[in-house]
Amino acid sequence: MSANRWRNKLFVTVPRRRPGIPSTLNFIWTNTSQKHNVPLISYPNFAINQLPTGDSDGFVSIYRTAVDPCNRLWMVDTGTLEYPGNVNRLQQPAVVIIDLLTDQIIRRYELRPLDITNRTSLATMVVDVTPATCNSAYAYMPDLSGFGVVVYSFQENRSWRVSHNYFSPDAQAKDFTIGNVNFQLNDGIFSLSLSDVKPDGHRNAYFHSLAGTHTYSVSTHILKNRRLATRMDHGNDFMVEVNRGQQTQASASDLHRTSGILFLGLVNQNALACWNSFTPATPDNFDIIYKDDQKFQYPCDVKISGDDVIVITNAMPVFLFGKLNYNEINFRIWIRNVYEAIRDTKCAMRPF
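Cut-offs used in this document
- Residues numbered from 1 in each chain as written.
- Predicted model: local features only at pLDDT ≥ 70, side-chain atom pairs only at ≥ 80, totals over all residues.
- Heavy atoms only, no water.
- Phe/Tyr/Trp six-rings, centres within 6.5 Å; stacked < 30°, edge-to-face > 60°.
- Helix = DSSP H or I, 4+ residues; strand = E, 2+ residues; numbered from the N terminus.
- Buried < 20%, exposed > 50% of the residue type's maximum accessible area, 1.4 Å probe, protein only.
- Lys NZ or Arg CZ within 6 Å of the ring centre and 35° of its normal.
- Disulfide = S-S within 2.5 Å.
- Pairing = 2+ DSSP bridges.
- Axes fitted to C-alpha atoms, helices over the stretch in contact; angles between N-to-C directions.
- Core = buried A, V, L, I, M, F, W, Y, C linked by side-chain atoms within 4.5 Å.
- Contact = heavy atoms within 4.5 Å.
- Lys, Arg positive; Asp, Glu negative; His and termini not counted.
- Salt bridge = Lys/Arg side-chain N within 4 Å of Asp/Glu carboxyl O.

**Student:** Sorry, what's going on with the packing of aromatic side chains here?
**Tutor:** The way to describe two aromatic rings as a pair is by their centre distance and the angle between their planes. By the definition in use, this model includes 18 aromatic pairs. Ring geometry for Tyr 206 and Trp 275: centres 5.5 Å apart, planes at 90°, overall edge-to-face. With Tyr 206 in strand 18 (residues 204–209) and Trp 275 in strand 23 (residues 271–276), this pair connects stretches of sequence that are 69 residues apart. One exposure class covers both Tyr 206 and Trp 275, and it is buried. Three or more aromatic residues joined by ring pairs form one cluster here, namely Tyr 166, Phe 167, Phe 207, Tyr 216 and Phe 238. Of note, Arg 72 hangs over the ring of Phe 154, and the distance from its end group to the ring centre comes to 4.9 Å. Its guanidinium or amino end placed over the ring of Phe 154, Arg 107 lies 3.9 Å from that ring's centre, counting from NZ or CZ.

Set out below in structure tokens:
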């Protein structure tokens, strides 16, 4: 699941991991006093959220979304039903872009067979764009099970796949305990976050594996250049920033570009962590912002919206590997102002 915001809409996705999910892309209104058990509204409509039949292009399964400054909602439809014991790819994974001002799908781009593998899982994406470069946007899609990154150019309407050994999981970081459920994951690169634009016109892309404790980086100059991105020898293109330490396996992350604060969901600690990217990348400069073993279980998605950080937490590991207690609240959305969130932490060391 994921949560993302545009104006008064808070988008909530429900990937199809079990039968009976009526709609995979939804929203709720934020300008309402109702805060609990809020019904999800299909977006952009209920019909497009129906499983495809014949020649239709209905949404199959969407994990996470990206809102860009050009009033567009981006996502990857995985095209796959991930029912236990019956994984079924109904259609090719596709980039879908919706104009939020008109609620119309303006682009649907099916990824090429060379972009994916038989293990591909595209659970998230980040969009590299500014208000002045709407037609030159790039989308970066980590492949957590295929250990790669797929890049899509909006202007060229073309995609390519990037490979590197830093996209793989760490052998010693595959053990997880969440909600009293113990399990192992072999997930590689899970999340990629972008800095503000640097003087050279590009950004730093920070990334990490879910089954891993390292933070890495690469310039988007490499990712956006198809020739450079797809070459076999990357030399020093990719950098090891830091090994964050034991039990710091992170799901999603996002970077507040104004302050340079990187936020990470620490799944083994039921916590939200931060790092001020203007300070050295050392374990001592990472800090815990919020932690709650009951109300912050499995922070699976982290998004920056304006000056707010939005985190969705859920009982997905219990759902997949155990049994949910339907008498408890299993899904929560946590929203806090960035500057309030980092107050009294190491991440506030640099004056803003």
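**Student:** Can you walk me through the state of the cysteines in this structure?
**Tutor:** What makes a disulfide is a covalent bond joining the sulfur atoms belonging to two cysteines. Inspection of every chain in the model, using the stated rule, returns two disulfides. Sulfur-sulfur distance for the disulfide between Cys 70 and Cys 134 comes to 2.0 Å. On the S-S bond that ties Cys 70 to Cys 134, the torsion sits near -95°, and the link is left-handed. Residue Cys 70 is located in the loop between strand 5 (62–68) and strand 6 (72–77), and its partner Cys 134 is located in the loop between strand 11 (126–128) and strand 12 (138–143); the two are separated by 64 residues in the primary sequence. Look at Cys 134 and you get partly exposed, because its relative accessible area is 21%. Disulfide connectivity for the protein chain, with bonded cysteines indexed by sequence position, reads 1-2, 3-4.

**Student:** For this particular structure, what's the right way to read the sheet that holds strand 6?
**Tutor:** Strands in a sheet are paired, the pairing made by backbone hydrogen bonds, and the direction either parallel or antiparallel. Spatially, four strands are ordered 5-6-9-10 in an open sheet, and the strand pairing comes out antiparallel. The open sheet has two edge strands, strand 5 and strand 10 (104–110), and neither has a second partner. Averaged over neighbouring strand pairs, the angle between their axes works out to 20° when direction is ignored. Pairing geometry for strand 9 (residues 94–99) and strand 10, over six bridges, is antiparallel. Bridging across to strand 10, Val 96 finds its partner in Arg 108.

**Student:** Which parts of the structure should I look at to understand the sheet that holds strand 3 (residues 25–29)?
**Tutor:** If you trace the four strands from one edge of the open sheet to the other, you get 1-2-3-4, paired in antiparallel fashion. Taken across any chain shown, the strands that pair with only one partner, and hence form the sheet edges, are strand 1 (2–6) and strand 4 (41–42). With five bridges connecting them, strand 1 and strand 2 (residues 9–13) associate as antiparallel partners. Within strand 2, the position partnered with Ser 2 by the bridge is Thr 13.

**Student:** It is not clear to me how the nonpolar core should be interpreted in this structure. Could you clarify?
**Tutor:** The tendency in soluble globular proteins is for nonpolar side chains to be buried as a group. Phe 176, Phe 183, Leu 210, Val 267 and Ile 312 are the most contacted members of the largest nonpolar core, which has 23 residues in total. At the level of elements, strand 2, strand 15 (175–178), strand 16 (181–184) and strand 26 (308–314) are the ones that each hand at least two residues to this core. Leave out the neighbours within four places in its chain, and Val 267 touches Phe 176, Ile 178, Leu 210, Gln 249, Ser 251, Tyr 298 and Pro 299. Counting 21 residues, the second-largest nonpolar core is a separate cluster that includes Tyr 140, Phe 207, Val 218 and Leu 228.

**Student:** Got a minute to help me understand the side chain of Asp 77 in this structure?
**Tutor:** Assignment of secondary structure puts Asp 77 in strand 6. Look at Asp 77: it is buried, it has no salt bridge, and the nearest opposite charge is Arg 108 at 5.1 Å. Ignoring sequence-local partners within four residues, the contact set of Asp 77 consists of Gly 58, Phe 59, Val 60, Ser 61, Ile 62, Gln 91, Gln 92, Pro 93, Ala 94 and Val 96.

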